[in-house]
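# Residue-level structural notes
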Amino acid sequence: VQLQASGGGLVQPGGSLSLSCAASGSFFSINAMGWYRQAPGKQRELVAYITSGVSTNYADSVKGRFTISRDNAKNTVYLQMNSLKPEDTAVYYCNADLWRRGRRENYWGQGTLVTVSS
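Described in the following lines is the structure provided in the data block. Quick caveat, the model's predicted, so the values are computed rather than measured.

It is worth spelling out the sheet that holds strand β1 (residues 2-6) at this point. Here four strands make up an open sheet; going across it, the order is β1-β3-β8-β7 and the pairing antiparallel. Pairing within the sheet leaves two strands with one partner each, and these edge strands are β1 and β7 (66-71). Taking the axes of each pair of neighbouring strands and ignoring which way they run, one obtains an average angle of 15° across the sheet. As defined by bridge partners, β1 adjoins strand β3 (residues 17-24) across five bridges and the pair is classed as antiparallel. Its bridge partner lying in β3, alanine 5 is registered against cysteine 21.

Next comes the structure, spelled out in structure tokens:
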């Protein structure tokens, strides 16, 4: 199973970016998909996740600014980030909780860098 993330880059404060992450490989189904981030010198933290039933959960710091969504047919999760702040600068990692060979497994993408700076 591989998670391929894309969409990071440099953006000015107040700007927007969209991330996507596609899961590929052999698995039965995906439960939740999510995005985490890790800023320099800090621990990795949850940004948002979305379940197979499209329930969502967001970190307080991004509520109202970020929107997570998924396309089950494409096994892809998206993160629309608006009103970006310098403190959103981090490496963003996608995560998938899925069923594979009768077991529940968890996978991480390779990370994509988001830099918010003027």
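Turning next to the packing of aromatic side chains. Geometry of an aromatic ring pair is reported as the spacing of the ring centres plus the angle between the planes. Considering all chains together, one arrives at one aromatic pair under this definition. Ring geometry for tyrosine 36 and tryptophan 108: centres 4.9 Å apart, planes at 65°, overall edge-to-face. Of this pair, tyrosine 36 sits in strand β4 (residues 29-38) while tryptophan 108 sits in strand β10 (residues 103-108), placing them 72 residues apart in sequence. Note on tyrosine 36: relative accessible area 25%, which makes it partly exposed. For tryptophan 108, a relative accessible area of 38% gives the class partly exposed. Stacked on the ring of tyrosine 93, the Lys or Arg arginine 44 has its end atom at 3.7 Å from the ring centre.

Next up on the list: the pairing of β10. Note that strand β9 (residues 90-100) and β10 share six bridges and pair antiparallel. Bridge pairing in β10 links arginine 100 to arginine 103. The turn joining β9 and β10, which pair antiparallel and follow one another in sequence, is formed by two residues; a positive phi near 50° is taken by arginine 101.

Turning to the pattern of salt bridges, a few remarks are in order. Pairing between side chains of opposite charge can happen when the charged atoms of each approach one another. Scanning the model with the defined rule gives seven salt bridges in all. Put simply, aspartate 60 and lysine 63 hold a salt bridge, and the shortest N to O gap is 3.1 Å. For aspartate 60, a relative accessible area of 64% corresponds to the exposed category. Salt bridges linked by common partners bring Arg37, Glu45, Arg65 and Asp88 together as one network.

Rules behind the numbers
- Residues numbered from 1 in each chain as written.
- Predicted model: local features only at pLDDT ≥ 70, side-chain atom pairs only at ≥ 80, totals over all residues.
- Heavy atoms only, no water.
- Pairing = 2+ DSSP bridges.
- Helix = DSSP H or I, 4+ residues; strand = E, 2+ residues; numbered from the N terminus.
- Axes fitted to C-alpha atoms, helices over the stretch in contact; angles between N-to-C directions.
- Phe/Tyr/Trp six-rings, centres within 6.5 Å; stacked < 30°, edge-to-face > 60°.
- Buried < 20%, exposed > 50% of the residue type's maximum accessible area, 1.4 Å probe, protein only.
- Lys NZ or Arg CZ within 6 Å of the ring centre and 35° of its normal.
- Salt bridge = Lys/Arg side-chain N within 4 Å of Asp/Glu carboxyl O.

Nothing here speaks to function; it is geometry throughout.
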